[in-house]
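Working through the structure, step by step
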Amino acid sequence: MRFNNPVFIPGPTNLPERLRLAIQQVTEDQRSPRFPDLTLPMFDKLKQVFRTRTGHVFVYPGSGTGAWEAAVTNTLSPGDKILTSRFGHFSHLWASLCERHGLDVTALDVDWGEGVPLDDYRRILSEDRNHEIKGVFACHNETATGVTSDIAGVRKVLDEVGHPAMLFVDGVSSIGSIEFHMEDWGVDLAVSGSQKGFMLPTGLAILGVSQKAAAASASATLPRTFFGFEDMLRTNKDGYFPYTPNTQLLHGLSEACDMLLEEGLDRVWARHRRMAEGVRRGVIDGWGFELAAKEPKWHSDTVSAIYVPAGFDAAQMIKIAYDRYDVSYGTGLARLAGKVFRIGHLGLVSELQLLSALAGAEMAMRDIGIDVAPGSGVAAASEYYRQTAAPVAVAETAAR
Ligand SMILES: *Cc1c(COP(=O)(O)O)cnc(C)c1O
């Protein structure tokens, strides 16, 4: 018997009941006159979630990787110079995608556990006096290490040195969960997908495109067909797509935007911060363990990568947790394999669910011989959640 426990992998995230119902739709005609009633408001809401007024948000059948590819192939040409940095599985993959498309990639290798190196970006961009670098890339939230980078800081660097490169941001595990301002931060390409902060099944590549990036597609010569901006722009403006869209998931996406906008993005971001902080209290104060993120300024509010003590195998702990307690944690990716397990705390997840994530991890860790006191992480996290819960009127005698 499986018990339908929530998953604590950092994507796909748990499907809220409201979205499960929203995607439960019969087949509909994607060329019908009524279809734009769904899609035109959806595009508008997506722009609010991305915080862009003048840009577009394209939705492709695909996953986040597709949005990476769409961003690159529409705006760059073979041999174009780009600047990026690598500090985890996902930032490595996007850099590698650029190399495989024949771009001239400068990838700065940063210690895993840190994020975008602003000083190095400033130095390299200020030395690029002829503005040969066409794209500056940044992974906003590196899901492998639980590190969030300062995208406003990257914009500031570009402005300080007066560099006109387009700003490409991987927001797959941040948009809709962690503060993000496409327009105010001057992000030209903002990559996301349906299965993280949007709380939906995998299947949609979502890409914010600034006017500057849309204009760049006129002269960019990397080949693209499926992902071409021109076809999207031509059809989206009337509420249609150049090919068959995933209609059920679009209903879900529209509803997911409603959920985020009804709550208010500021509150969504604050909620993610609070949920994350409880997990961090459990890990750091309760267990005395370390996060992969090296300093508080890198702490991610959507995922925590947690080092198990030296000599123990995190992969074994993850397998035990799955087999014995029916609960999933994120594995350590690439060079973190066996060293960390990850708790995803993004999307719709409650305090009590996260306490169960800590409890299940404690049980599985004890099973493989790790000396962690039962309840220690749960105690630290639960006190934090209790103390920071919304105040309600409590009888004087009960209030302690
Ligand atoms: C999940 C993720 C991706 C893309 O993944 P897909 O599996 O293609 O959806 C890219 N970047 C980051 C930071 C991610 O977390």
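Structure: see above.
Parameters and conventions
Residues numbered from 1 in each chain as written. Predicted model: local features only at pLDDT ≥ 70, side-chain atom pairs only at ≥ 80, totals over all residues. Heavy atoms only, no water. 1 Å grid on protein atoms, 1.4 Å probe; cavity = no way out; pocket = protein on both sides within 12 Å on 5 of 7 lines; lining within 4 Å. Points joined across faces, edges and corners; volume = space filled by probe spheres on them. Helix = DSSP H or I, 4+ residues; strand = E, 2+ residues; numbered from the N terminus. Core = buried A, V, L, I, M, F, W, Y, C linked by side-chain atoms within 4.5 Å. Buried < 20%, exposed > 50% of the residue type's maximum accessible area, 1.4 Å probe, protein only. Contact = heavy atoms within 4.5 Å. Near = heavy atom within 4 Å. Polar contact = N/O pair within 3.5 Å; in protein donor to acceptor, adjacent residues only side chain to side chain. Areas by Shrake-Rupley, 256 points an atom, 1.4 Å probe, with all protein chains shown as cover. Nonpolar A, V, L, I, M, F, W, Y, C, P; charged D, E, K, R; others polar.

Attention now goes to empty space enclosed by the protein. Summed over all chains, the structure comprises one cavity of 30 Å³ or more. Considered as a void within the structure, the largest cavity measures approximately 30 Å³ in volume. Taken together, Thr 145, Gly 146, Arg 280, Leu 291, Ala 293, His 299, Ser 300, Val 303, Ser 304 and Ala 305 make up the full set of residues lining the largest cavity. In terms of residue count, strand S10 (residues 303-307) provides more of the lining of the largest cavity than any other element does, three residues in total.

Counting 84 residues, the largest nonpolar core has Leu 46, Tyr 60, Phe 198 and Leu 207 as the members making the most contacts within it. The contact partners of Tyr 60, leaving out residues within four places of it in the chain, are Ala 70, Asn 74, Gly 203, Leu 204, Ala 205, Leu 207, Phe 226, Phe 227, Phe 229, Met 232 and Tyr 243. Listed in part, the 32 residues of the second largest apolar core include Met 317, Val 349, Ala 381 and Tyr 384.

Take the site of the ligand next. As a matter of local geometry, the ligand sits amid Ser 63, Gly 64, Thr 65, Trp 68, Phe 90, Asn 141, Thr 143, Asp 170, Val 172, Ser 173, Gln 195 and Lys 196. In the model, an oxygen atom of the ligand is placed 2.9 Å from a nitrogen or oxygen of the Gly 64 main chain. At 2.5 Å, a side-chain N or O of Thr 65 approaches an oxygen atom of the ligand. For the ligand, whose unbound accessible area comes to 380 Å², protein coverage reaches 88%. Broken down by element, the shell around the ligand gets its largest block of residues, three residues, from helix H3 (residues 64-75). Residues of the shell around the ligand, tallied by class, amount to three nonpolar, seven polar and two charged.

All right, on to the environment of Leu 83 then. Of note, Leu 83 is situated in strand S2 (residues 81-86). Judged by its relative accessible area of 0%, Leu 83 falls in the buried class. In this structure, the C-alpha to C-alpha distance between Leu 83 and Leu 125, residues 42 residues apart in sequence, is 8.7 Å. When sequence neighbours within four positions are dropped, the list of residues in contact with Leu 83 reads Thr 106, Leu 108, Tyr 121, Ile 124, Leu 125, Ile 133, Gly 135, Val 136 and Phe 137.

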